[in-house]
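# A structural walkthrough
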Amino acid sequence: MKKAGLFLLTSVLMMMSGSVMAQCSLCTKTAQQLGEGPAKGLNNGILMLALTPLMIIGFLAFRWWKSNKEA
């Protein structure tokens, strides 16, 4: 369980770092037109929308790994 918590913490910290602010070309053009403040909001929105499915997949993968480990 400690390893899962460490993995989750590491994942969240990586998602919050500035180096993951990449996006598709259409979103980049839109963000450039909006200005500095709204562009940061757009980036945060994209990251928040991506974080939920990744957390669900991670949880399911952990449960699958845990059940196969015990068998």
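Our structure's up above, just so we're on the same page.
This text gives an overview of the structure that appears in the document. These numbers come from a predicted model, not from an experiment.

### Quick word on the overall build of the protein
Each helix and strand counted, the protein has three helices and zero strands in total. The order of helices and strands in the protein, counted from the N terminus, is α-α-α. Each of the 71 residues in the protein was classed as buried or not, and the buried ones make up 8%. Looking at the protein as shown, the accessible area adds up to about 6000 Å², and 72% of this sits on carbon and sulfur atoms.

### Side note on a nonpolar patch on the surface
Together, Ile56, Phe59 and Leu60 make up an exposed nonpolar region whose accessible area comes to about 320 Å². When you line up the elements, phenylalanine 59 lands in helix H3 (residues 36–70).

### Looking at the environment of leucine 42
Tracing the sequence through the fold places leucine 42 in helix H3. Residue classification places leucine 42 among the partly exposed residues on the basis of a relative accessible area of 27%. Through-space distance from the C-alpha of leucine 42 to that of alanine 31 is 7.0 Å; in sequence the pair is eleven residues apart. Ignoring anything within four residues of it in the chain, the contact list for leucine 42 reads Cys27 and Ala31.

Criteria and thresholds
For every chain, the first residue of the written sequence is number 1, and numbering continues from 1 along that sequence. Predicted model: local features are reported for residues with pLDDT of at least 70 only, side-chain atom pairs are reported and counted for 80 or more only, and whole-chain, interface and lining totals are derived from all residues. As a convention, hydrogens and water are excluded, and side-chain values are obtained from all of the structure's heavy atoms. Strands here are runs of E lasting at least two residues and helices are runs of H or I lasting at least four, both read from the DSSP assignment and numbered beginning at the N terminus. Burial classes: relative accessible area under 20% of the type maximum marks a residue as buried, over 50% as exposed, and values in between as partly exposed (1.4 Å probe, protein chains only). We get accessible surface area from the Shrake-Rupley algorithm with a probe of 1.4 Å; when it comes to residues, only the shown protein chains can shield them. Exposure above 30% relative accessible area and the lack of any salt bridge qualify a residue for a patch; like charges then connect within 9 Å, and the nonpolar side chains Val, Leu, Ile, Met, Phe, Trp and Tyr within 5 Å. Salt bridges are counted wherever a side-chain nitrogen of Lys or Arg sits within 4 Å of a carboxyl oxygen of Asp or Glu. Contact between two residues is taken to exist if any of their heavy atoms lie within 4.5 Å; hydrogens are not considered.

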